[in-house]
Structure formats: C-alpha cells, structure tokens
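The chain contents come next:
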Amino acid sequence: MMVRAAFVVLPLGLVLVALLGLALGSAAIPIKAVALWPFDASVLTAQQKLIMDNIRLPRVMLGLMVGAMLAAAGAALQGIFRNPLADPGLIGVSAGASLGAATMIVLGGEHLAGPWALPLAAFVGAVLATLAVYGLGRRHGMVSPPSMLLAGIAVNALAGAGIGLFSYVGDDLQLRQLTFWTMGSLGAAGWSTLTPSLLPIGLSLAGLLALATRLDVFALGEREAFHLGLDPRLMVRLAVGLTCLGVGTAVAAAGPVGFIGLVVPHLVRLVLGAGHRVLLPASMMLGAILLVGADTAARLLAAPAELPVGLLCSLLGAPFFLWLLRR
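So, how was this worked out
- Within each chain, residue numbers correspond to sequence positions counted from 1 in written order.
- Under the rules for a predicted model, residues below a pLDDT of 70 receive no local features and side-chain atom pairs below 80 are neither given nor counted, while totals for whole chains, interfaces and linings still include all residues.
- Values shown for side chains rest on all heavy atoms present in the structure; no hydrogens or waters enter the calculation.
- Helix numbering and strand numbering both begin at the N terminus, where a helix is a DSSP run of H or I of at least 4 residues and a strand a DSSP run of E of at least 2.
- Residue burial is assigned from relative accessible area. The probe radius is 1.4 Å, only protein chains are included, and a residue is buried under 20% of its type maximum, exposed over 50%, and partly exposed in between.
- A contact between two residues is defined here by any heavy atoms of the two lying within 4.5 Å.
- Neither His nor the chain termini are counted; the positive set is Lys and Arg, and the negative set is Asp and Glu.
- To locate a charge, take NZ of a lysine, CZ of an arginine, CG of an aspartate or CD of a glutamate.
- To obtain each axis, a line is fitted to C-alpha atoms, and for helices this fit is confined to the stretch in contact; angles are then taken between N-to-C directions over 0 to 180 degrees.
- Convention used here: angles under 35 degrees read as roughly parallel, angles over 145 as roughly antiparallel, angles from 65 to 115 as roughly perpendicular, and any remaining angle as oblique.
- In this scheme the crossing of two helices becomes right-handed for a clockwise turn of the near helix relative to the far one and left-handed for an anticlockwise turn of less than a right angle.
- Throughout this description, the term salt bridge denotes a Lys or Arg side-chain nitrogen within 4 Å of a carboxyl oxygen of Asp or Glu.
- As a per-residue measure, pLDDT reflects the predictor's confidence and takes values from 0 up to 100.
- Put simply, Ala, Val, Leu, Ile, Met, Phe, Trp, Tyr, Cys and Pro go in the nonpolar bin, Asp, Glu, Lys and Arg in the charged bin, and everything else, Gly too, in the polar bin.
- Patch criteria: residues need more than 30% relative accessible area and no salt bridge. Like-charged residues are merged within 9 Å; nonpolar side chains of Val, Leu, Ile, Met, Phe, Trp and Tyr are merged within 5 Å.
- The accessible surface values rely on the Shrake-Rupley method and a 1.4 Å probe; as for residues, cover is taken only from the protein chains in view.
- To estimate the expected span of a helix, count its residues, drop one, and scale the result by 1.5 Å.

This paragraph deals with the overall build of the protein chain. Along the protein chain, the regular secondary structure elements total 15 helices and 2 strands. Projected onto its principal axes, the C-alpha coordinates of the protein chain cover approximately 65 × 55 × 35 Å. Every one of the 327 residues in the protein chain was classed for burial, and the buried ones make up 50%. Intrachain contacts of the protein chain at a sequence separation of at least 6 include 74% that bridge at least 24 residues. Averaging the positions of the 18 positive and the 12 negative side-chain charges in the protein chain gives two centres separated by 10 Å.

All right, on to unusual backbone geometry then. Positive phi outside glycine occurs at Phe259, with the angle close to 75 degrees. Mapped onto the elements, Phe259 comes out in the loop between α12 (232-254) and α13 (260-272). For Phe259, a relative accessible area of 22% corresponds to the partly exposed category.

On to the packing of helix α9 (residues 191-210) against helix α14 (residues 276-301), then. The interhelical angle for the contact between α9 and α14, taken along N-to-C directions, is 150 degrees, at an axis separation of 9 Å. As judged from the angle between their axes, α9 and α14 are roughly antiparallel. The crossing of α9 and α14 is right-handed. Of α14, the residues touching α9 (which contributes Leu205, Leu208 and Leu209) are Leu280, Pro281 and Met284.

Further remarks concern the pattern of salt bridges. Here the idea is simple: oppositely charged side chains can pair when their charged atoms come close. The full count for this structure, using the stated rule, is 2 salt bridges. In this structure, the salt-bridge partner of Arg299 is Asp295, at a minimum N-O distance of 3.5 Å. Taken as a pair, Arg299 and Asp295 lie in helix α14 at a separation of 4 residues, close to a single helical turn. As far as burial versus exposure is concerned, Arg299 and Asp295 are alike and both buried. Each of Arg59, Asp295 and Arg299 takes part in a single network of salt bridges with overlapping partners.

For the protein chain, the average pLDDT comes to 84, and 95% of its residues sit at 70 or higher. For the protein chain, per-element mean pLDDT is lowest for helix α5 (residues 109-113), which scores 59, and highest for α14, which scores 93.

Looking now at the environment of Leu136. Position of Leu136 among the secondary structure elements: in helix α6 (residues 117-137). It is 9.2 Å that separates the C-alpha atoms of Leu136 and Gly152, two residues lying 16 residues apart in sequence. Ignoring anything within four residues of it in the chain, the contact list for Leu136 reads Ser147 and Ala151.

Quick look at the packing of α13 against α14 now. Running from N to C, α13 and α14 point in directions that differ by 125 degrees, and their axes come no closer than 9 Å. The pairing of α13 with α14 is recorded here as oblique in orientation. The chirality of how α13 crosses α14 is right-handed. Residue-level inspection shows Ile260, Val264, Pro265, Leu267, Val268, Arg269 and Leu272 of α13 in contact with α14, the latter providing Val278, Leu279, Ala282, Ser283, Leu286, Gly287, Leu290 and Leu291. Looking at side-chain class alone, the contact of α13 with α14 contains 12 nonpolar, 2 polar and 1 charged residues.

Another aspect to go through is a nonpolar patch on the surface. Together, Met2, Leu267, Leu270, Val271, Leu290 and Trp323 give the surface a local cluster of nonpolar side chains, amounting to about 560 Å² of exposed area. When residues in the nonpolar patch are grouped by element, the largest group, 3 residues, is from α13. Topologically, Val271 is positioned in helix α13.

Bringing the side chain of Thr296 into the picture now. Note on placement: Thr296 falls in helix α14. Judged by its relative accessible area of 7%, Thr296 is buried.

Before going further, it helps to examine the side chain of Arg299. Since its relative accessible area comes to 7%, Arg299 is described here as buried. Among all residues touching Arg299, those that are not within four sequence positions of it are Gly21, Leu24, Gly25, Arg56, Arg59, Ala305 and Glu306.

Along an α-helix, residues three or four positions apart point the same way, because every turn accommodates 3.6 residues. Taking 1.5 Å of rise per residue, the 15 residues of helix α4 (residues 93-107) would be expected to cover 21 Å, and the 21 Å separating its terminal C-alpha atoms lies within 8% of that figure. Among the 15 residues that make up α4, 12 are buried, leaving the element largely enclosed by the rest of the structure. Every buried residue of α4 is listed here: Val93, Ser94, Ala95, Gly96, Ala97, Ser98, Gly100, Ala101, Ala102, Met104, Ile105 and Val106. Phi turns positive one or two residues past the end of α4, at Gly108, with a value near 75 degrees.

Right, here's the structure in full:
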C-alpha cells in the first residue's frame, strides 16, 4: 500500500516541482500560463517564451536528469558495496569526474573535442577513481567497507590537490570558470549542455534499472550471489561502469553536487524498504524533485543573483550525514 501511494505522490511531486522551476525566478511567469504553455503557446509573451525556451526549460530538464542520476548512483553503489555510506561523493567518483573535467577546462581540450569533451573527460576520471577505490578496498577477494571509505577519502584528497593545481596554473578566465563550476550549479544549463548529456545519462539510468533484481541478490554477499548463479565480478563491472558513465556526465554538466546520492536512497529505504526494484525508480524521482527544488530555492534566496545549488545541497545534506554517523 505504501509503495502504491509513493508511486502516485512522487510523479505528482515531480510535475509540481518542474512547474515551479519553470515559473519561478528573477522574472516570474504565472504558473497557470506555464501549465498551459505546452498546449497553447500564445499564453506566454514573446519575452516569456524566450526565457522559457532558452533558459528555464533546459535548466529544469538538466536538473531532473542530474538529480535522478545522482540518486540512482547512490542507491546502486550502496547495494554494490553493501555500505549505507557509499555515494558518488564519498568514495571518490565525483572527485575523479571533477578532476577529469578540470583537466579538460584548463588544458583547453573542450575546444578541440567539442561538446563531448567534458563528459568524456569526467567519465574517464570517474572510472579511474572508482577502480582505485575498489582495488584498494578489497581484502582477501572481498570488499572491505572501512578500507573502501578510507580509499575514497584518499582519492578525494588527491583529486582536490589536482584541481587546486589546475586552479593555480590556469588563467583568470579558466580560474573563474573552474571555481564556479566546482561549487555545483545549473546556471550554465542550455541546449548545448543538455543534448550531449541525454544519451549517457539515459543509458546509465536504464541500465541500473535493468540490474535492480541482480542488486537484490548481490546484497546478500558475493559468495551467496555466486552460489545463486550471479557472476559477482561481472555484476560489479556493469554497475560501476554504468554509475561512472552517468555520474561523470552529470558532474561535467552541473559540477559536483553533493549528498543527493547519500540522502535520497536513505529516505526512500526508510519508507519503502531496501528492494532495488522499488528503491531505484523511487530514488530517481525523489532525487530529481530535491535537486530541481533546491535549484529553484537557490535562485529565489539571492535574487536577482543565485546561489550555487551544490552549496545549498551540502548545507542540507551535511546535517543528515552527521545524523547517520550518530546512528
């Protein structure tokens, strides 16, 4: 009963937060006009259409995609590592993606490789970071959660040092771009940012949903999963590869946004249970709702300027993380 109610409430919340994200901002648009706009474009003025087409719509769509991706990645990593504290930020996936994207920004590779440059560099960085954490976190053929988290701390520190080095050697324009980007923001969202992100994030989300039943089996332990006919190594490679693909693309598009991947799966698990067939889609919807809602709040709190949404998510997520540690 609770699951059915959740899958009614979450889609409605998704529609509501998307409408609010499209309507609210430094130039407010009536929410009724926003709701009618897909069916009758004449309800908006020429200026409102310009704002909607070029700013608000790609921004809200990117926020929905990134929020869903980060939440799904957190749920999948917690299942793979069997650790409730695993998320793309804590185990170094986001940091590796950030370092890859920072390398591309400072070295100017995005001018040579086009719109795919940042997602590709971020994906490579995320894969390398995850492989390092997974390799260092294994003990006697099994994943050791304490070792994995310590390895994640080390990878985060190393990536932070690399980003600091690029900030030092970059010119003023690169430094400004890098500093603003590392705070996490949807402010640069546009069709040129959204379009290259659709395919990688879509493939990652679809792949993780397809692995939901296997994640339930894998949660029993690698040996138990093997006896039940599941190849643990192939499972880890698939889940981690899909996670790196999606998170790398999300970080390249919006910068590192923390705590969505940690907070959202926990909230869903507390209410709906730990089964991944429910956990993954519910986390995707709630992650999208929280990120677009936080981005809308970030635009309103300091209007006409805007706060980076990554800062706001950290302010909200850090107390929740401390509560988890207390438990």
